[in-house]
Amino acid sequence: MVEIGYKLSSEEHRPNDLVRYAAMAEDAGFTFALISDHYHPWIDTQGQSPFVWCVIGGVAQSTKRLRLGTGVTCPTVRMHPAIVAQATATAAAMLEGRFFFGVGAGENLNEHVVGQGWPETEVRQERLREAVEVIRMLWRGGYQSHHGRHYTVENARLYTLPQTLPPLMIAAGGPKSAQAAATLGDGLIGTSPDKEMLSKFDAAGGRGKPKIAEITVCWAPDERSARRTAHQWWPTAAMESSLAWELPLPKHFEDVAKLVTEDAVAETIICGPDVERHVDGIKKYADAGYDQICVHHVGPDQQGCLKFYEHDVLPRLRKLRAAA
């Protein structure tokens, strides 16, 4: 059966609220959650960006069954992979058996802050592969050293390790990154119902591994209000994806957002209280082959959306299956 998860959007909510929403999502019937790992929000309207590893500790204490993963962490610039390995090992120890680690090549928005520049795509992917190697090496325990092209680790040992290592999921946005996810990772995280991409993932060795999708929605009592909220809080949904990787400041995204219409945002975000539209949107991802689908509700009324899904949407999805 397809699992339905809930997005904890660090760009939009304060840390204690994220912890509270995680518990509410668990009570509503969601089985897992993704939490974003950012230094900046996309635009100032969103207004938040807490340190995710502190929030994860809070979620570990506020939930009992909910699985939690980062969606996603860049372990290559802002944080050295040796430090990321320690953070993930601790998170997995606190959420014993309930934590998975999502990684990606990152965005300039979050990584430029340490003043090391923003490399081209090929270098970013190369750094990601080496970072994953370092993280897995340290997860093995014992003293470890690594002298690679991008990272050095000298006599490092993780003393706090979980009983079970977390799955390491790789974000993918196209066929090439999907193939890399199949060979590097224990599963894939995507944002589009792209059957071709998932076929490439399967063919490269990913068959049978988890496939997680993120779908963006905006619930409100009426469609007009939902469209307005989606346009105000998440105009980046209608922007070219390459901008997300390259623009360095929220101000730059805001400048582009002035060119984005409400209609354009509503074409990419499911807006309003129509149960069928939400169900059909999720089914589209299941039909593409995803077996775990995470719902990202944009805007401040998280409680309203959680109730809507608990009573109206989730019961309709109990027997939903991913495409073979």
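Please refer to the structure higher up on the page.
Residues numbered from 1 in each chain as written. Predicted model: local features only at pLDDT ≥ 70, side-chain atom pairs only at ≥ 80, totals over all residues. Heavy atoms only, no water.

Mind laying out the pairing of strand β2 (residues 32–35), listing which residues take part and the relevant values?
Side-chain alternation along β2 places Phe-32 and Leu-34 on one buried face and Ala-33 and Ile-35 on a second face that is also buried. Pairing of strand β1 (residues 3–8) with β2 involves four bridges; the strand directions are parallel. Across the sheet, the residue bridging to Tyr-6 is Ala-33, located in β2. At this point the chain moves from β1, through helix α1 (residues 15–28), to the parallel β2, and the crossover so formed is right-handed. Pairing of β2 with strand β3 (residues 67–70) involves four bridges; the strand directions are parallel. By the bridge assignment, Ile-35 is partnered in β3 with Thr-70. Regarding the hand of the β-α-β motif, the stretch spanning β2, helix α2 (residues 52–62) and β3 is right-handed. (Buried < 20%, exposed > 50% of the residue type's maximum accessible area, 1.4 Å probe, protein only. Helix = DSSP H or I, 4+ residues; strand = E, 2+ residues; numbered from the N terminus. Pairing = 2+ DSSP bridges. Right-handed = clockwise from strand over helix to strand, strands pointing away.)

Tell me about the pattern of salt bridges, and name the residues and values.
Counted according to the given criterion, the structure contains 15 salt bridges. Residue Asp-186 pairs with Arg-136 through a salt bridge whose shortest N-O separation is 3.3 Å. Of the two residues, Asp-186 sits in the loop between α6 (175–184) and β8 (187–190) while Arg-136 sits in helix α5 (residues 121–139), which places them 50 residues apart along the sequence. By relative accessible area, which is 27% here, Arg-136 ends up partly exposed. The residue Asp-255 makes a salt bridge to Lys-258 at a minimum N-O spacing of 3.8 Å. A network of salt bridges, in which partner residues are shared, links Asp-37, Arg-78 and Glu-111. (Salt bridge = Lys/Arg side-chain N within 4 Å of Asp/Glu carboxyl O.)

Lay out the packing of α6 against helix α7 (residues 195–206) in plain terms, naming residues and giving numbers.
The contact between α6 and α7 brings their axes to 8 Å, and the two run at 35°. Remark: the crossing between α6 and α7 carries right-handed chirality. Touching Pro-175, Ala-178, Gln-179, Ala-181, Ala-182 and Thr-183 of α6 are Glu-196, Met-197, Lys-200, Phe-201, Ala-204, Gly-205 and Gly-206, all from α7. Taken together, the residues that form the contact of α6 with α7 break down as seven nonpolar, four polar and two charged. (Axes fitted to C-alpha atoms, helices over the stretch in contact; angles between N-to-C directions. Left-handed = near helix turned anticlockwise from the far one by under 90°. Contact = heavy atoms within 4.5 Å. Nonpolar A, V, L, I, M, F, W, Y, C, P; charged D, E, K, R; others polar.)

Mind laying out a nonpolar patch on the surface, listing which residues take part and the relevant values?
On the surface, Tyr-39, Val-113 and Val-114 cluster together to form a nonpolar patch covering roughly 240 Å² of accessible area. Within the element layout of this structure, Val-114 appears in the loop between α4 (108–111) and α5. (Patch = residues over 30% accessible without salt bridge, like charges linked within 9 Å, V, L, I, M, F, W, Y side chains within 5 Å. Areas by Shrake-Rupley, 256 points an atom, 1.4 Å probe, with all protein chains shown as cover.)

Just give me the short version of the pairing of strand β7 (residues 168–171), but keep the residues and values in it.
Look at any regular strand and the pattern is simple: side chains alternate between the two faces of the sheet. Pairing of strand β4 (residues 99–103) with β7, which is carried by three bridges, proceeds in the parallel orientation. If you follow Phe-101 over to β7, its bridge partner there is Leu-168. Looking at chain direction, β7 and β8 are connected through three bridges and run parallel. The residue bridging Ile-170 from the neighbouring strand is Leu-188, located in β8. In terms of handedness, the path from β7 via α6 over to β8 forms a crossover that is right-handed.

Residue-level account of the environment of Asn-16, with values.
Here Asn-16 shows up in helix α1. Distance in space between the C-alpha atoms of Asn-16 and Ile-170 is 28 Å, their sequence separation being 154 residues.

Tell me about the packing of aromatic side chains, and please be specific about residues and values.
A complete count under the given rule lists 10 aromatic pairs for this structure. An aromatic cluster is defined as three or more aromatic residues linked by ring pairs; in this entry it consists of Tyr-6, Phe-30, Trp-219, Phe-308 and Tyr-309. The ring of Tyr-159 has Arg-157 lying over it, and the distance from NZ or CZ to the ring centre is 3.9 Å. (Phe/Tyr/Trp six-rings, centres within 6.5 Å; stacked < 30°, edge-to-face > 60°. Lys NZ or Arg CZ within 6 Å of the ring centre and 35° of its normal.)

Any functional reading would require information beyond the geometric quantities listed.
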